[in-house]
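Listed here are the chains, written in short residue letters.
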Amino acid sequence: MSTIRLSVAQAVIRYLAHQYTERDGVEQRFIAGMFGIFGHGNVAGLGQALLQNEVAPDFDEPFDYWMGRNEQGMVHVAAAYAKQSERLRTLAVTSSIGPGALNMVTGAALATTNRVPVLLFPSDIFANRAPDPVLQQVEDPTNPDVSANDAFRPVSRFWDRVNRPEQLMVSLPRAMRVLTDPVETGAAVVCLPEDVQAEVYDWPVGFFAKKVWHIDRRVPDRAALARAVEAIRAAKKPLVIAGGGVKYSGASEELRAFATATGIPVADTQAGKGAINWDHERAVGGVGATGAGSANALADEADLIIGIGTRYSDFTTGSQTQFKNPDVRFVNINVGSFDAAKQGAEMLLADAREALVALTEALDGHRVDDDYSARIADERAAWARATDKCYHRDQTPLPAQTEVFGALNEMMGDEDVVINAAGSMPGDLQCLWRARTPGQYHLEYAFSTMGYEIPAALGVKMASPDSEVVAIVGDGTYQMLPMELATIVQERAKVIFVLLQNYGFASIGGLSESRGSQRFGTKYRMRAEDGGRSDDLIPVDIAANARSWGIDVIEVSTMAEFREAYAAAVASDTATMIHIETDLYGPNPPATGWWDVPVTSASTLESTQQAYREYAEAIKAQRRFF
């Protein structure tokens, strides 16, 4: 058997460089390269291997390396890249041991919750246990094999610790299988002890042969398809909920054809927005806790919900209050039985595109009646008027953030990408944004991680270099994780940031007020000299801070100035931030959904007592589906 002598770290890079995916005849490298921050745990291991690969490559196609600033941020870059690539490509990330590794745990949870593939290589303590405890080692007196990296186990879809070189030949293929599986994908974590990375082994040459992971399209079972067709034909008021699985399947065209042929309206989740173009006659907008009035009104009355590629988060279901028809049934189309079984649904296990094609053919000639069609049109028209009002408030002295969203929605191109993740903004965007293409709307709302937006902008730009990439960032999110701005400047990535400054946590402030807690702890204010609270703003200058990272910043105060600034940012060839102050108190779009955030029944505060009375009434609508 022919062998090649390499370190474990060198073998990792060589193996990853030969992994490919194929779907519908399109083949591409799966791991495009590696982000890394080096410390004692990986500088002489993966750091040496990446250096050697760069200056003396021993295979044809280069394997790129990028330097990050924060380990969590690097994982966000990888997750955004994978999400924008429809999960057909991703990035690897390496960290040192201890705090560097633990910084990646949040990113791993984000990837797994959003079901996007990322490959993480946290360095680990010495396998030989000679230096014990090594610097940054968390000691477990009951189990010397436990390290900080065990924290990755509950937030990963694959986890392993490679304590011997030959174990890599089992670990990496298993990680690849999970990462390329549409059902199981998420974070794959391969922990590499510091000493093992540098250890040398004679590897079988065949281990490094090109490997193509074929992403197949599961076709629907005939009996399951017949049951779904029967349920749809029997329904008077069916409603589709399109989730991220529609977009990952590349099934937007088939979804439009299905809606056109049957007349069934299509609502969307955060991950599914853009799966159907907003101006399609059957597109009714976001559904659930932060949904559009049009979609939620139809969801309340629907006698059949057809979930396609959705995991039914509590925001999508309005914490199980959204579907009020006592006779409502569910048909779920999903590649995974875990999600297909939710809501007590009739399951149709299939790729979204294949299922939609089969359903459209099987339902040939079937269409919802004229009364329901008229109802759909009325709700669409009413919500269009509400959206226009939110987009054009002409509010003074500070604009509402919905006006900023409206200007962006009108100025961005069909192939441009808007990014957001946390705070009040995802709710407003799901409610209002008029997505014209599947790739235009990039929201991370499964883990809703503050700090995602800035590194995500880099990941999306790497995946879609010809698009204008616009990340909307709140001042709270900015203060969480701004450091990848330096990476963006270093990589010469042309992205646009829209920084909304409102001196507080708008989303949690509003939620706090609605639950009787009076916006406690949600405003950025100076401590008073007597130790109490004051109304004095803290003297943090985010615009100046962004400039210090090397970003061009345009400060504006009116919507007219914002539109001019956006045009200038598009014309620029460097990363630009548009800084604008918005009203902390909104107004936000009219709420038509509900979210379960419990209120205590034991309080001396009248505000909490009133909030509890409202909560006790609202929760009566909550249902369980079996």
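Look a little higher up for the structure.
Residues numbered from 1 in each chain as written. Predicted model: local features only at pLDDT ≥ 70, side-chain atom pairs only at ≥ 80, totals over all residues. Heavy atoms only, no water.

Enquirer: Can you help me understand the overall build of the protein in this one?
Expert: Scanning the protein from N- to C-terminus turns up 23 helices and 25 strands. Across its three principal axes, the protein shows a C-alpha extent of roughly 70 × 70 × 55 Å. Counting the 626 residues in the protein, one finds 58% classified as buried. A sequence separation of at least 24 residues applies to 76% of the contacts in the protein between residues at least 6 apart. Only carbon and sulfur atoms are counted for the fraction: they give 51% of the accessible area of the protein, which is about 24900 Å². Measuring between centres, the 57 positive side-chain charges of the protein sit 5 Å from its 80 negative side-chain charges. (Helix = DSSP H or I, 4+ residues; strand = E, 2+ residues; numbered from the N terminus. Buried < 20%, exposed > 50% of the residue type's maximum accessible area, 1.4 Å probe, protein only. Contact = heavy atoms within 4.5 Å. Areas by Shrake-Rupley, 256 points an atom, 1.4 Å probe, with all protein chains shown as cover. Lys, Arg positive; Asp, Glu negative; His and termini not counted. Charge placed at Lys NZ, Arg CZ, Asp CG, Glu CD.)

Enquirer: Looking at this model, I keep getting lost on the pattern of salt bridges. Mind explaining?
Expert: It is possible for side chains of opposite charge to pair when their charged atoms get near one another. Scanning the model with the defined rule gives 31 salt bridges in all. Between Glu-346 and Arg-227 there is a salt bridge, and its shortest N-O distance comes to 2.8 Å. Of this pair, Glu-346 sits in strand β17 (residues 346–349) while Arg-227 sits in helix α8 (residues 222–234), and the two are 119 residues apart along the sequence. Overall, Glu-346 belongs to the partly exposed group, its relative accessible area being 28%. (Salt bridge = Lys/Arg side-chain N within 4 Å of Asp/Glu carboxyl O.)

Enquirer: Before we go on, may I ask you to explain the packing of aromatic side chains in this structure?
Expert: Aromatic ring pairs are described here by two measures, namely the spacing of the ring centres and the angle between the planes. Scanning all chains against the criterion turns up 14 aromatic pairs. The rings of Tyr-15, Tyr-201, Trp-203, Phe-207 and Phe-208 are connected pair by pair, giving a single aromatic cluster. Cation over ring: Arg-153 sits above Trp-159, and NZ or CZ is 3.6 Å from the ring centre. (Phe/Tyr/Trp six-rings, centres within 6.5 Å; stacked < 30°, edge-to-face > 60°. Lys NZ or Arg CZ within 6 Å of the ring centre and 35° of its normal.)

Enquirer: Sorry if this is basic, but what is going on with the nonpolar core here?
Expert: Where a protein is soluble and globular, its nonpolar side chains tend to be buried together. Core analysis: the largest hydrophobic core is formed by 57 residues, its most contacted members being Leu-120, Phe-152, Ile-419, Tyr-478 and Phe-497. It is helix α3 (residues 71–84) that provides the largest number of residues to this core, a total of 8 residues. Contact partners of Tyr-478, with chain neighbours within four places excluded, come to Ile-454, Val-473, Leu-485, Leu-499, Ile-542, Asn-545, Ala-546, Trp-549 and Met-577. Core analysis: the next-biggest nonpolar cluster, separate from the first, contains 51 residues, Leu-239, Ile-308, Tyr-312 and Val-331 among them. (Core = buried A, V, L, I, M, F, W, Y, C linked by side-chain atoms within 4.5 Å.)

Enquirer: Honestly, the pairing of strand β6 (residues 90–95) in this entry has me stumped. Any pointers?
Expert: On a regular strand, each side chain points to the face opposite its neighbour's, so the side chains alternate between the two faces of the sheet. Among the 6 residues in β6, 6 count as buried, and that is most of the element. Residues Thr-90, Ala-92 and Thr-94 of β6 are buried on one face, and the alternating residues Leu-91, Val-93 and Ser-95, pointing to the opposite face, are buried as well. Relative to β6, strand β4 (residues 31–36) is paired through 4 bridges, and the arrangement is parallel. What sits directly across from Ile-31, in β6, is Thr-90. As paired elements, β6 and strand β7 (residues 118–124) share 4 bridges and run parallel to each other. Within β7, the residue paired with Ala-92 across the bridge is Leu-119. (Pairing = 2+ DSSP bridges.)

Enquirer: In this structure, what is going on with helix α22 (residues 559–571)? I would like to understand it.
Expert: An α-helical segment advances 3.6 residues per turn. Residues three or four places apart therefore align on the same side. Here α22 is 13 residues long and its end C-alpha atoms lie 18 Å apart, about the 18 Å a rise of 1.5 Å per residue gives. For α22, the secondary structure elements touched by its buried residues are α15 (401–411), β20 (469–474), β21 (496–501), β24 (552–556) and β25 (576–581). (Expected span 1.5 Å × (residues − 1).)

Enquirer: Would you mind going over helix α16 (residues 425–432) with me for this structure?
Expert: Taken across its 8 residues, α16 has 8 buried, putting it largely inside the fold. What α16 keeps buried is the set Met-425, Pro-426, Gly-427, Asp-428, Leu-429, Gln-430, Cys-431 and Leu-432.

Enquirer: For this particular structure, what's the right way to read the pairing of strand β8 (residues 158–161)?
Expert: Where β8 meets strand β9 (residues 187–193), 4 bridges bridge the pair, whose relative direction is parallel. Across the sheet, Arg-161 pairs through a bridge with Cys-191, a residue of β9. Tracing the backbone out of β8, into helix α6 (residues 168–179) and back to the parallel element β9 gives a crossover that is right-handed. (Right-handed = clockwise from strand over helix to strand, strands pointing away.)

Enquirer: For this particular structure, what's the right way to read the sheet that holds β21?
Expert: Hydrogen bonding along the main chain pairs the strands of a sheet, whether they run parallel or antiparallel. Taken in spatial order, the 6 strands of this open sheet run β19-β18-β20-β21-β25-β24, and their pairing is parallel. Since the sheet does not close on itself, it has two edges, and those belong to β19 (441–443) and β24, each with one partner. The average undirected angle you get between the axes of adjacent strands in this sheet is 20°. Across 3 bridges, the pairing between strand β18 (residues 417–420) and β19 is parallel. Counterpart to Asn-420 in the pairing with β19 is Leu-443. Each of β20, β21 and β25 is contacted by α15, which is oriented at about 165° to β21, the strand it contacts most. Set on the sheet, α22 makes contact with β20, β21, β24 and β25; between it and β25 the angle comes to about 175°. (Axes fitted to C-alpha atoms, helices over the stretch in contact; angles between N-to-C directions.)

Enquirer: Hey, could you run me through the sheet that holds strand β2 (residues 19–23) in this one?
Expert: The 3 strands lie next to each other as β3-β2-β11, forming an open sheet whose pairing is mixed. Looking at strand neighbours, the two that pair on one side only are β3 (26–29) and β11 (211–214), the edges of this open sheet. Going across the sheet, the axis of each strand differs from the next one's by a mean of 30°, ignoring polarity. Pairing geometry for β2 and β11, over 4 bridges, is parallel. Counted as the bridge partner of Glu-22 is His-214 from β11.

Enquirer: Any chance you could explain the environment of Val-418 here in plain terms?
Expert: Within the secondary structure layout, Val-418 lies in strand β18. Exposure remark for Val-418: the relative accessible area of 0% places this residue in the buried category. Sequence separation between Val-418 and Tyr-441 is 23 residues; the distance between their C-alpha atoms is 5.4 Å. Discounting residues that sit within four places of it in the chain, Val-418 has contacts with Met-412, Trp-433, Gln-440, Tyr-441, His-442, Val-470 and Ile-472.

Enquirer: Quick question: what am I supposed to make of the side chain of Glu-22 here?
Expert: Counting through the fold element by element, Glu-22 comes out in strand β2. Look at Glu-22: it is buried, it has no salt bridge, and the nearest opposite charge is Arg-23 at 7.9 Å. A polar side-chain atom of Glu-22 sits 3.3 Å from the main-chain amide nitrogen of Asp-24. A distance of 2.7 Å separates the side chain of Glu-22 from the side chain of His-214, its partner in a polar contact. Setting aside residues up to four positions removed in sequence, Glu-22 forms contacts with Glu-27, Val-212, Trp-213, His-214 and Ile-215. (Polar contact = N/O pair within 3.5 Å; in protein donor to acceptor, adjacent residues only side chain to side chain.)

Enquirer: Before we go on, may I ask you to explain the side chain of Thr-449 in this structure?
Expert: Turning to its location among the elements, Thr-449 is positioned in the loop between β19 and α17 (453–463). When near neighbours in sequence (up to four residues on either side) are disregarded, Thr-449 contacts Gln-72, His-76, Thr-106, Leu-110, Ala-421, Ala-422 and Glu-444.

Enquirer: Looking at this model, I keep getting lost on the state of the cysteines. Mind explaining?
Expert: In protein structure, a disulfide is the covalent linkage between the sulfur atoms of two cysteines. Here the structure, examined in full by the defined rule, presents 0 disulfides. Free of any disulfide, Cys-390 has its nearest cysteine sulfur in Cys-431, 7.1 Å distant. Residue Cys-390 is classed as buried on the basis of its relative accessible area of 1%. (Disulfide = S-S within 2.5 Å.)

Enquirer: Could you clarify how one ought to interpret the environment of Ile-488 in this entry?
Expert: Considering the arrangement of structural elements, one finds Ile-488 in helix α19 (residues 484–490). For the pair Ile-488 and Arg-218, spaced 270 residues apart in sequence, the C-alpha separation works out to 39 Å.

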